[in-house]
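# Fold and geometry: a report
Here's the letter readout for the chains.
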Amino acid sequence: MTYDSLADITQRVHLIVRGHLIGHLSGEVAPFSGGPPSLPTIFGLVQIDEVLKGEPQMRTDGVIQVADLGWPDMSASDLPDDEVILFLMNYARQRTESGAPASSDPDDRYYYVR
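Remember, predicted model here, so these are calculated numbers, not experimental data. (Residues numbered from 1 in each chain as written. Predicted model: local features only at pLDDT ≥ 70, side-chain atom pairs only at ≥ 80, totals over all residues. Heavy atoms only, no water.)

### Looking at the overall build of the chain
Quick reminder of the rule: The helix and strand labels rest on DSSP assignments: H or I over at least four residues marks a helix, E over at least two residues marks a strand, and numbering proceeds from the N terminus. Note that the radius of gyration is over C-alpha atoms, with the globule rule given as 2.2 Å times the number of residues to the power 0.38. Throughout, exposure labels follow a simple rule: accessible area from a 1.4 Å probe, protein chains only, divided by the maximum for the residue type, with under 20% read as buried, over 50% as exposed, and the rest as partly exposed. In this analysis, two residues are considered to be in contact whenever any of their non-hydrogen atoms come within 4.5 Å of each other. Each accessible area is a Shrake-Rupley result for a 1.4 Å probe, and residues are judged covered by the shown protein chains and nothing else. For the charge count, each Lys or Arg is scored as positive and each Asp or Glu as negative, with His and the chain ends excluded. All charge positions are set by atom: Lys at NZ, Arg at CZ, Asp at CG, Glu at CD.
A count of helical and extended segments in the chain gives 2 helices and 5 strands. A compact globule built from 114 residues should have a C-alpha radius of gyration of about 13 Å, and the chain, at 14 Å, falls within 12% of that. Seen through its C-alpha atoms, the chain measures out along the principal axes to roughly 40 × 35 × 25 Å. When burial is assessed residue by residue, the chain has 38% of its 114 residues classed as buried. Summarising the internal contacts of the chain: among those between residues at least 6 apart in sequence, 63% fall at separations of at least 24. Summed over all atoms, the accessible surface of the chain reaches about 6,700 Å², with 52% contributed by carbon and sulfur. One finds the centroid of the 8 positive side-chain charges in the chain at a distance of 7 Å from the centroid of its 17 negative side-chain charges.

### Quick notes on the nonpolar core
Which entries qualify depends on this criterion: Nonpolar cores were defined as sets of buried Ala, Val, Leu, Ile, Met, Phe, Trp, Tyr and Cys residues, with membership established by side-chain atoms within 4.5 Å.
Counting 12 residues, the largest nonpolar core consists of Leu 15, Val 17, Leu 21, Val 46, Ile 48, Ile 64, Val 66, Leu 69, Met 74, Leu 86, Leu 88 and Tyr 112. When contributions to this core are tallied by element, the ones reaching two or more residues are strand E1 (15-29), strand E2 (39-53), strand E3 (63-67) and strand E4 (84-90). Ranked by residue count, the leading element in this core is E1, at 3 residues. If sequence neighbours within four positions are ignored, Leu 15 has contacts with Val 51, Lys 53, Gly 54, Glu 55, Pro 56, Ile 64, Leu 86, Phe 87, Leu 88 and Tyr 112. With 11 residues, the next largest nonpolar core counts Ile 9, Met 89, Tyr 91 and Val 113 among its residues.

### Brief notes about the packing of aromatic side chains
For the record, the criterion: The pairing test for Phe, Tyr and Trp rings, Trp by its six-membered ring, is centres within 6.5 Å, and the orientation test on the planes gives stacked under 30 degrees, edge-to-face over 60, and tilted for anything in between.
Tallied over the full model, the rule gives 2 aromatic pairs. Centre to centre, the rings of Tyr 91 and Tyr 111 are 6.4 Å apart; their planes meet at 90°, and the pair counts as edge-to-face. Of this pair, Tyr 91 sits in helix H2 (residues 91-98) while Tyr 111 sits in strand E5 (residues 111-113), and the two are 20 residues apart along the sequence. A single burial state applies to Tyr 91 and to Tyr 111, both of which are buried. Through a chain of ring-to-ring contacts, three or more aromatic side chains come together here, namely Phe 43, Tyr 91 and Tyr 111.

### Side note on the side chain of Gln 65
The line we're drawing: N or O atoms closer than or at 3.5 Å make up a polar contact, with two conditions inside protein: a donor-capable atom paired with an acceptor-capable one, and, for residues adjacent in sequence, both atoms drawn from side chains.
Along the chain, the position of Gln 65 falls in strand E3. A distance of 2.7 Å separates a polar atom in the side chain of Gln 65 from a polar atom in the side chain of Arg 59. When near neighbours in sequence (up to four residues on either side) are disregarded, Gln 65 contacts Leu 25, Phe 43, Gly 44, Leu 45, Arg 59, Tyr 110, Tyr 111 and Tyr 112.

### Let's talk about the sheet that holds E5
Rules: Only strands joined by at least two bridges in the DSSP assignment are considered to pair. Only C-alpha atoms enter the line fits that serve as axes; for helices the fit covers just the stretch in contact. Angles between N-to-C directions range over 0 to 180 degrees.
Taken in spatial order, the 5 strands of this closed barrel run E1-E2-E3-E5-E4, and their pairing is mixed. Across the sheet, the axes of successive neighbouring strands diverge by a mean angle of 50°, strand direction being ignored. With 5 bridges connecting them, E1 and E4 associate as antiparallel partners. In the sheet register, Val 17 faces E4, and the bridge partner there is Leu 86. Along the sheet face, H2 touches E1, E3, E4 and E5 and points at about 45° away from the line of E4.

So this is what it looks like as structure tokens:
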């Protein structure tokens, strides 16, 4: 997906947060169409300091999971200390909006992508 301006991305994304990357975990996400039943993914765990747009879907209060935000052998010393602002799309909402079939993974609603 491409965006024409900051206003465009701000309007089109589901969630904008300010926070800190606090860890990561390995998981899987179902592809939008075709391919294997699930794709291995590294999720960055982001502690939310402020929600700038949207309503985050969280498994753990104050923490969201962002796909492809990290790498498998990342250690605590690799985590950036700086604050981040993330413009995110929610997997489950993207599926609905694009007409893709819903995922059979009940946790799909917690997954975000940049």
